[in-house]
Amino acid sequence: MSIRQEKIASVIKKELGIYFQKNATNMCKGAMVSVTTVRMSADLSIAKVYISVFGGKNNDESFNHIKLSARYIRHELSQIVRNQLRKTPDLHFYIDDSFDYAQEIDKLLK
């Protein structure tokens, strides 16, 4: 990943983290959403956003709601970073299950 890709990814990760901190309770019915990783495409048009959803009654439903709201979230993000980025990339959300995977490995080792 180039330096430019890393810089844009870090801006998007930081701002989406703040956005989800403020709006996740309404959007995800009380679940906490954490942005774990952002990976940019080579042409900077797509951001793959890996998120973890905690503490909700139905985390899969919360994740699906986030995926369906991707265009709205992109619009909100573009309002926030309009002075930092020329064009806001399309957001593709993926569930980050590395925490669950680590817990499963830990449980198997015990």
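Nothing here was measured: the structure is a model prediction, and the numbers come from that model.

Draft legend 1. Summary view of the environment of threonine 25. Relative to the helices and strands, threonine 25 resides in helix H1 (residues 3-27). As a C-alpha pair, threonine 25 and arginine 4 span 21 residues in sequence and 32 Å in three-dimensional space. Every residue in contact with threonine 25, bar those within four places of it in the chain, is listed here: Gly30 and Ala31.

Draft legend 2. Here's a closer look at the packing of H1 against helix H3 (residues 70-80). As a packed pair, H1 and H3 sit with axes 11 Å apart at the nearest point and diverge in direction by 125°. Comparing the axis directions of H1 and H3 gives the class oblique. Judged by the twist between their axes, the crossing of H1 over H3 is right-handed. For the pair formed by H1 and H3, the contact residues are Ile12, Glu15, Leu16, Tyr19, Phe20 and Met27 on the first element and Tyr72, Ile73, Glu76, Leu77 and Ile80 on the second. Of the residues belonging to the contact of H1 with H3, the class tally is 9 nonpolar, no polar and 2 charged.

Draft legend 3. Representation of the environment of tyrosine 72 within the structure. Mapped onto the secondary structure, tyrosine 72 falls in helix H3. Sequence spacing of tyrosine 72 and serine 52 is 20 residues, and the spatial spacing of their C-alpha atoms is 19 Å.

Draft legend 4. View of the packing of aromatic side chains. Counted according to the given criterion, the structure contains 3 aromatic pairs. Note on phenylalanine 20 and phenylalanine 93: the rings are 6.2 Å apart at their centroids and 70° apart in plane angle, and the pair reads as edge-to-face. Pair noted here: phenylalanine 20 is in helix H1 and phenylalanine 93 is in strand S3 (residues 90-95), with a separation of 73 residues, a long-range link. Here phenylalanine 20 matches phenylalanine 93 in class, with each residue buried. Judged by centre distance (5.4 Å) and plane angle (25°), the ring pair of tyrosine 50 and tyrosine 94 falls under stacked.

Rules used throughout
Every chain is numbered on its own, with residues counted from 1 as its sequence reads. The predicted nature of this model means local features are confined to residues of pLDDT at least 70 and side-chain atom pairs, given and counted, to a pLDDT of 80 or more, with totals for whole chains, interfaces and linings taken over all residues. Where side-chain values are given, they derive from all heavy atoms of the structure, hydrogens and water being excluded. Strands here mean DSSP runs of E at least two residues long; helices mean DSSP runs of H or I at least four residues long; both are numbered from the N terminus. Should any heavy atoms of two residues lie within 4.5 Å, those residues are counted as being in contact. In this description, a line fitted to the C-alpha atoms serves as the axis of each element, helices being fitted only across the stretch in contact, and the angle between N-to-C directions of two axes falls anywhere from 0 to 180 degrees. Each angle gets one of four labels, with under 35 degrees taken as roughly parallel, over 145 as roughly antiparallel, 65 to 115 as roughly perpendicular, and the rest as oblique. Left-handed describes a crossing whose near helix is turned anticlockwise from the far helix through less than a right angle; right-handed describes the clockwise counterpart. Ten residue types, Ala, Val, Leu, Ile, Met, Phe, Trp, Tyr, Cys and Pro, are classed as nonpolar, four, Asp, Glu, Lys and Arg, as charged, and the remainder, Gly among them, as polar. Any two rings among Phe, Tyr and Trp, with Trp reduced to its six-membered ring, count as a pair given centres within 6.5 Å; such a pair is stacked if its planes are under 30 degrees apart, edge-to-face if over 60, and tilted if neither. Throughout this description, buried means an accessible area under 20% of the type-specific maximum (1.4 Å probe, protein chains only), exposed means over 50%, and partly exposed covers the range between.

Remember, this is a structural readout, not a statement about activity or role.
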